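A structural walkthrough
What follows is each chain in one-letter form.
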Amino acid sequence: MSEIPAKATESEDPSDGARTRGAGERAHDPQASDDTQASHTTSRGPRASQDTQDSQAVAGDAPDTQEPPAPRAPGFAADEPRPGDPVWQSSPPGSIYDYIKVASFSIGPDGLVDQWSLRAEQLFGIPARRAVGMDPIEAFIDPDLREQGQRKMAEILDGREWTGVVPFRAPDDEDGRRGQDGLAEVYVMPTRTEEGEKAAVCIVVDVRALRRMETDLAASQSIFGQSPFGFLLIDPDLRVRRVNHRFASLFGGTPDDHRGRGVHDYLPRPEADRVAATLRRVLDSGDSITDMHVTGFLPGSDERRHWSVNLYRVHSGSGRPIGIAWLGIDITARRAAAREAAAARRNLALLNEAGARIGNSLDLETTARELLDVVVPGFCDLATVDLYQGLLAGDETPPGLADGSAELRRVAFSSAVSDAPFVGGGVPVAVGAVHHYPFNSPCADALRTARPQHVPGEEGGLVQSTLAVPMVAHDTVVGLAQFARTKGSEPFGDRDRDLAVELAARAAVCIDNARLYRREHERALILQRSLLPPGDPVASGLDIACRYLPGNSSADRPSEVGGDWFDVIELPGHRTALVVGDVMGRGLRAAVAMGELRSAVRTLALLDLEPAEVLSALDEIARGLGAPGGVQQATRAARRPREADLSEVYLATCVYAVYDSVTRRCTFANAGHLPPVLVEPGEAALMLDVPPGMPLGVGGEPFEEVEVELPEGALLALYTDGLVESRDHPLDEGLQAFVGALTDPTRPLEDVCDHVLNTLDSHHGEDDIALLMARVQGLPAESVGDWTLPREPRSVGRAREYARGQLLSWDLEPLVDTTELLVSELVTNALRYGEGEIRLRLLLDRTLVCEVWDSGLVQPRRRRARDTDEGGRGLQLVGLLSAAWGSRRTPRGKTVWFELPLPDGENGLADPAEALLSLF
């Protein structure tokens, strides 16, 4: 029997029989050998011969051995034996016996079944206890063939071998169910018992399993030989075991030439690494992968190819993973078609976006930027817009249209890859620069012919190609749009060129409309800039609402505007200046004067002057507006009234108020304006008795101040005469109506403003209307830290301790170090240069403000210390670390302050270490 090769296996399937011990174990453990034999066979007598063990080895039921596997030869897989080498394994072998279940049994000298293996139980469906002792001819052979079977059995027991295909039907089971029919290939080998009697060993193979293998083999051959898709089998080492002819035809050579290769032999490294990781995941987890896109190149071709790959793990007949199946489909054409469809959809979406976003503003530069916001980066990587300088200047017909070389101004530029304008042939052009294109350049040709031109990129440059598209509106070229794509991007096609023309045409129409609007708008531009009120003013301790209504076309002089204005100015120490004024007269002259006065008010307010001082300075400025030599000339002219030109006199009324959110006190000064109105909670509205001074521009009279403490929740209203005075109603009647309209100050301020404007018969259009309303919301007591320090050196340390403790109670730990440093600098200056007691105050609102008060009148002056100076850097440090700092006079001395943004504010804190280093 030794001439028959076989593998000793240990089946994973419980139906394949119980596992047997290794031959080495039985050699040293006779009892284990007996137990193992008893577990595999059932015998009618104590028969255990070497022939029987050989028959079990042939049937695949042979015991395992403990010998290590032979070393692999180069070029063979991990589970692939070298030719001629026997392989004995204790693990599932993955051999042919996994697919065809070979069974064995033995026949005794009496012609009856002597031994019945577990594989025989599986094949015939009869347990050993029934099969042992049966006549196999009577039990399994059709009655018509039994006579011939008996003759063959006699010949076999006489010592002849026999092989053939025999139909069989298993006997009915004990419950009377019909046994299964089958077709078996039988190999009968004569043998002898220990007593020397003739017997036989039968090896049986189910022919149906062979037929299934034949069918599977045919299907496999069709895949590998006839499939139009690429198919690979990859072993557990991620090496190619087998490829089909389709794959070999694409990647060259014969199918055998690809054996042993890896994915890195076919794909670029990054892609190969990704695919290898996926293969390993499929092999480890058993999860299939469908429609995985793989990109690579075919040998000898630079064209990028795309494949859709399906991966699944392949198992042996025993269920052991033996590799991965790879099915790849070339989807390059499909991807190209999908890109074309996606490009068409993208272009349509781009046109829809252009229609929604371009032309929302009647401004040339804004419209050009809107075009670039649409095309970059959705359509191109870089883009510019050039408009004819003549059109921007208001000319109807720009010069130079005949040859396309007229001056243009670059009004917009956008880039997804660089902040610098790309080179369009020559020196780069910055936004806002005026330039022109040479006569023979593609851009000049596009302007001259009103047709798009393709401009190739420069050698070694960033740009791959550029489309120069003229912007045509109403048969007039207004400018040039350039769309560029960088190297590595998809080049421009015909569809892209048509899309660029459409986008440029839409933008050109909007730009032409903006040009026409600008021409009409420039006449009133200076007036509107002066009359525009601040939007949504914010103040500490005040809730602000305002309205500004310029005169409209219902007036007798619709082209003229008035000089009303208002302003809200933030001051140091969480104080706020409220301003309302009105320049007498109408038209451009009054509007210009109003703009100058409002700018002067903001400048004087930042100097932190008292309200009366602000109005006095404004009076000097107003008197200088009508004199060619300014204030000094106006002062000399005032001494000679007869020489004054009354047509050049500028008069204005104004109320200037400063509100302190800590004390809720408001200081008023009035220059001939209408009195403010105050509404306290639960009280009727009343007009404050603020002494009206002379209007600005008259001069010669001082202004008085009135300080009023405003209760929490009180409403303060400042306004101009256009709200309360008209041709049909006298001023007193309008004032009473305004006071009566303020009946419910607890309503939201915006609603209060609307109610006032809707209630009063203001005859809007006759004059401008300015209304400023503020509700008092004082700074809470817990947001204020106030300490008095004695005039001694220890006060510096105490000031730091007070500041640290207060900031920690406010959860402002990030500001502690900076605040301590700056507080010590200000307190030290007060000790060194000030007088009297020192007062330290911390205020918390939208920012943190620190104030140091003393009785000295000398204002601190910041100077730059030299490298050799030991001091003089304190105020420099304050200026570096704070958001703002300054000083102001008080009735009893001065206040030096600095301001820090809160940690969650928009402005970050300066690093103290860097600030200190920057001083040296």
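Description of the structure in this document. (Residues numbered from 1 in each chain as written. Predicted model: local features only at pLDDT ≥ 70, side-chain atom pairs only at ≥ 80, totals over all residues. Heavy atoms only, no water.)

Some details on the side chain of Asp206
Its place among the elements puts Asp206 in strand E5 (residues 198-206). Those residues within four positions of Asp206 in sequence are excluded, and the remaining contacts are Lys101, Leu123 and Leu183. (Helix = DSSP H or I, 4+ residues; strand = E, 2+ residues; numbered from the N terminus. Contact = heavy atoms within 4.5 Å.)

Re the nonpolar core
Ranked by size, the top nonpolar core spans 49 residues in total, and within it Leu371, Val375, Phe379, Val385, Met471 and Phe483 carry the most contacts. The leading source of residues in this core is helix H15 (residues 494-521), at nine residues. Excluding anything up to four places from it in sequence, Phe379 contacts Leu350, Phe483, Arg485, Phe492, Asp496, Leu499 and Ala500. Counting 30 residues, the second largest nonpolar core, distinct from the first, contains Trp810, Leu826, Leu842 and Val878. (Core = buried A, V, L, I, M, F, W, Y, C linked by side-chain atoms within 4.5 Å. Buried < 20%, exposed > 50% of the residue type's maximum accessible area, 1.4 Å probe, protein only.)

Side note on unusual backbone geometry
Backbone torsion omega between Val376 and Pro377 reads 5°, so that peptide bond is classified as cis. Position of Pro377 relative to the elements: it lies in the loop between helix H12 (364-375) and strand E11 (382-388). Its identity as a non-glycine residue notwithstanding, Leu238 has a phi of 60°, on the positive side. For Asp608, which is not glycine, the phi torsion reads 60° and is therefore positive. Among the structural elements, Asp608 can be located in the loop between helix H17 (588-606) and helix H18 (611-625).

Points about the sheet that holds strand E25 (residues 715-719)
A sheet is described by the order of its strands in space; here five strands give the open sequence E17-E26-E25-E22-E23, paired in antiparallel fashion. In this open sheet, the two edge strands, each paired with only one partner strand, are strand E17 (542-549) and strand E23 (686-687). Two strands pair when backbone bridges link them, and E25 and strand E26 (residues 769-776) are joined in this way by five bridges, in the antiparallel orientation. Residue pairing across strands places Leu716 opposite Ala774, the latter belonging to E26. In the packing of helix H22 (residues 749-759) onto the sheet, contacts are made with E17, E25 and E26, and the angle to E17 comes to roughly 35°. (Pairing = 2+ DSSP bridges. Axes fitted to C-alpha atoms, helices over the stretch in contact; angles between N-to-C directions.)

Considerations on the packing of aromatic side chains
Each aromatic ring pair is specified by the distance between its two centres and by the angle formed by the two planes. Under the criterion given, the structure shown has eleven aromatic pairs. With 4.7 Å between their ring centres and 25° between their planes, Phe247 and Phe251 make a pair best called stacked. Here Phe247 and its partner Phe251 are both found in helix H9 (residues 245-251), four residues apart, which amounts to about one turn of the helix. The exposure classification of Phe247 matches that of Phe251, with both residues buried. Measuring from centroid to centroid gives 5.3 Å for Phe247 and Tyr266, while their planes differ by 75°, and the two rings are edge-to-face. With a gap of 19 residues between them, Phe247 in helix H9 and Tyr266 in the loop between H9 and helix H10 (269-285) connect regions that are remote in the sequence. Both residues of the pair, Phe247 and Tyr266, count as buried. Each residue in the set Phe247, Phe251, Tyr266 and Trp307 is aromatic and connected to the rest through ring pairs, giving one cluster. (Phe/Tyr/Trp six-rings, centres within 6.5 Å; stacked < 30°, edge-to-face > 60°.)

Section: the environment of Asp689
Secondary-structure assignment places Asp689 in the loop between E23 and strand E24 (705-709). With 13 residues separating them in the primary sequence, Asp689 and Pro676 have C-alpha atoms 8.3 Å apart.

A few points about the sheet that holds strand E29 (residues 847-854)
As summarised here, the arrangement of the five strands in space is E27-E28-E29-E31-E30, forming an open sheet in which the pairing is antiparallel. On the outer flanks of this sheet lie strand E27 (784-789) and strand E30 (884-890), each paired with one strand and no other. Recorded for the sheet is a direction-independent mean angle of 15° between the axes of neighbouring strands. As defined by bridge partners, E27 adjoins strand E28 (residues 838-844) across six bridges and the pair is classed as antiparallel. Looking at the pairing, Asp786 lines up with Arg841 of E28.

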